[in-house]
Amino acid sequence: MSSTFNLRQNTTDPDAQWLVQKFGGTSVGKFALEIAKQIVPAYIHQHKLALVCSARSGSTKALGTTNLLLRAASQVRQRASKPSSGSQTPISGCNGLFRRSRSRSGSPPVTPFAMTPMNSISGDTRTQVSPEFTATVQLIRSEHLSAARESVKDPDILQELEDEITSDCDWLNSYLFAAQVIDEISPRSKDNIIGFGERLSCKLMTAILRDQGVDAEYVSLEDVVPAFDVDSAAEGSLDQLFYDSVAAAVAQRIRECESRVPIVTGFFGPVPGSLLRQVGRGYTDLLSALLAAGLNASELQIWKEVDGIFTADPRKVSTARLVPVISPDEAAELTYYGSEVVHPFTMEQVIRKKIPIRIKNVQNPSGNGTVILPEPDNIADPTADPIDLSSLPSINSLSSVPISSTLQTYPHLGKKRLPSAVTIKDNIIILNVNSNRTRVSHGFLARIFGVLDSFGIVIDLISTSEVHVSMAIEDMFEGECNGSSSSGKKVLDRAVAELQKYGTVTLHPHMSIVSLVGKHMRNMIGISGRMFTTLAQGGINIEMISQGASEVNISCVIQARDAIKALNMIHQSCLGIGANTPGVGGVDLGGGVVGCANLAGVGVGGLRGVDGRGGRVSPWPF
Ligand SMILES: Nc1ncnc2c1ncn2[C@@H]1O[C@H](COP(=O)(O)OP(=O)(O)O)[C@@H](O)[C@H]1O
Ligand SMILES: N[C@@H](CC(=O)OP(=O)(O)O)C(=O)O
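Residues numbered from 1 in each chain as written. Chains lettered and ligands numbered in written order. Predicted model: local features only at pLDDT ≥ 70, side-chain atom pairs only at ≥ 80, totals over all residues. Heavy atoms only, no water.

J.: Just to check I follow, could you spell out the overall build of the chain for this structure?
T.: In terms of helices and strands, the chain carries 18 helices and 18 strands. A total of 622 residues make up the chain; the buried ones form 58% of that total. Accessible surface for the chain amounts to roughly 25100 Å². Of this, 50% is attributable to carbon and sulfur atoms. (Helix = DSSP H or I, 4+ residues; strand = E, 2+ residues; numbered from the N terminus. Buried < 20%, exposed > 50% of the residue type's maximum accessible area, 1.4 Å probe, protein only. Areas by Shrake-Rupley, 256 points an atom, 1.4 Å probe, with all protein chains shown as cover.)

Next comes the structure, spelled out in structure tokens:
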């Protein structure tokens, strides 16, 4: 094994601060070598680095390892055939590259029961009797093995990595067999199963980094969450105390790596009420935030395949611009309503510690990205005192421009008065309940909420009168969010049956929520009128309106088929960014077009015209 590492953690400079870098599934899946060759070496000399990785994804998250693991978990209940009585396969121990700890949550090394060795599953006699999940595990294994062979050159490192992947997948098979025997996949075992994704991806990333001369250490967090009685712990107990204790425990574990760069699984062990249920997909963002908070890092960087947060999803709006600086409130609303650039729980954990979050692009490492900045009021309010730039956190890194110079480059940010972004949330159903009025209506809403809560149904938007309530909820049948599309339909059917005790229930599927987000909207007279008139001009019917719950968000529900058209029209009319908008010059910073609409600078002529999708847009203001 390569024993000479020329890249180590900066432990000699007393001023070196922690920098936490989180890499999402598609980044690790497609750009692991670039991360090891370019990104880590660019920061390692000036910082103490900690990397957090998600499970690998290929071209999209939907085709990624976590989804495959969820599919395997659901296949446990599909008893197509009896499991074969394969020979006992010993799990190899490993004390080399990956110091494996035995975990409470059930990691290797000892399997207590017979299992089918992976390498015999494709054999002719076994194929007919293997449960379906074995093919899914085989897919995960072969995908990781080929990624390892493509990216790791050192034969010793590669051999050790291959052994790890094989033994982890063997163990996963045995875990799934066990679940099949007891015919149960609990939320906790589902958590354990998805944890394999981060485990495999971090082992791969550690090996790739070591192969490139970076002294990296694999850190699994399966055991790091402070001990508590997971089974008896009540749902909803993930309070700030819990998060603080995780942050402290994870930071303590990371400090033990000394000069080695920790490669940390974004999956963190058993959580009261289950990680998937309590935090949901994208939990590695949250873990990276807790780590940044625990280490008091100078910055949390979230590396993605997009330059940062845009004024609209750049896949859907070709004229979308990068937003250089955004407030945590705005970023949170965007993530809740469809622009899932950062997991919603992430912001709170770092912003309360005044740590900025920077979204960066693995394909454009020198770009500034988007900074989610604590105390953003100092930046955007034109009536505020002049900004004391020196009071803003400055990022001392090779390829990140300090926030203060971001503001100098974009002085118009200080005058920004338009909404920041527009977003679409798909897979929405409107659920209407009309009270049957057999009793006084007090308690009507409480009962409705009680039913929805008992089925774990989250309300995205609500509009209500004394006897009627309309709610926009996620279509669990359409989305495959937690790998439960068919069970999602059953849950909704049962919830509807229960709600029918209180009134007439109607469902309207195939809807989308369109949301306009911006902290200045609270003072902008006419902005909601502008948004709804724009939709009317496009011939788009508004099915439900909900305004006022958040001062930084105006939302409504429209037919899903109109979503892209609505997004483009509102982007042009309310943010003042159109294809030929004069006065809103984008600045190219090496890959990402950066710009920010400024009412004073928007030429009326540029906003007039057809949006390219059939909608006519009038200038703003009317
Ligand atoms: N307002 C927005 N700004 C930037 N990206 C957005 C926005 N809304 C939706 N997106 C989408 O979010 C995705 C997030 O980036 P990606 O790197 O693919 O995620 P992950 O790290 O989870 O793999 C992008 O594909 C982008 O199209
Ligand atoms: N692998 C998990 C956790 C995660 O955070 O993923 P990502 O960073 O790719 O959004 C998921 O798919 O949900």
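Okay, back to it.
J.: Please clarify how the side chain of T534 should be interpreted in this entry.
T.: Tracing the backbone through its elements, the reader meets T534 in helix α16 (residues 527-537). A distance of 2.6 Å separates a polar atom in the side chain of T534 from the backbone oxygen of R530. (Polar contact = N/O pair within 3.5 Å; in protein donor to acceptor, adjacent residues only side chain to side chain.)

J.: How do you make sense of the site of ligand 2 when you look at a structure like this?
T.: Every residue lining ligand 2 is accounted for by K22, G24, G25, S54, A55, K61, T66, E198, R281, G282, Y283 and T284. At 2.3 Å from an oxygen atom of ligand 2 is found a side-chain nitrogen or oxygen belonging to T284. In the shell around ligand 2, the residues fall into two nonpolar, six polar and four charged. (Near = heavy atom within 4 Å. Nonpolar A, V, L, I, M, F, W, Y, C, P; charged D, E, K, R; others polar.)

J.: Whenever I open this one, the site of ligand 1 confuses me. Can you help?
T.: Near ligand 1, the surroundings consist of 14 residues, among which T26, E305, F310, D313 and R315 are the closest. Measuring from an oxygen atom of ligand 1, one finds a side-chain N or O atom of T26 at 2.6 Å. If ligand 1 stood free it would expose 570 Å²; the protein chains cover 86% of that surface. Along the lines of polarity and charge, the residues of the shell around ligand 1 split into six nonpolar, four polar and four charged.

J.: Which parts of the structure should I look at to understand the state of the cysteines?
T.: Each disulfide is one covalent bond, formed between the sulfur atoms of two cysteines. What the rule picks out here adds up to zero disulfides. C202 provides the cysteine sulfur closest to C53, a residue in no disulfide bond, and the two sulfurs are 4.4 Å apart. In this structure C556 is not part of a disulfide, and its nearest cysteine sulfur, from C574, lies 10 Å away. (Disulfide = S-S within 2.5 Å.)

J.: Would you explain the nonpolar core in this entry?
T.: Within soluble globular proteins, side chains that are nonpolar tend to cluster in buried spots. Core analysis: the largest hydrophobic core is formed by 55 residues, its most contacted members being L51, M205, L209 and I263. Once residues lying within four places of it in the same chain are set aside, the contact partners of I263 are L51, C53, C202, M205, T206, L209, A216, E217, Y218 and V219. Core analysis: the next-biggest nonpolar cluster, separate from the first, contains 54 residues, V219, A251, M347 and I351 among them. (Core = buried A, V, L, I, M, F, W, Y, C linked by side-chain atoms within 4.5 Å. Contact = heavy atoms within 4.5 Å.)

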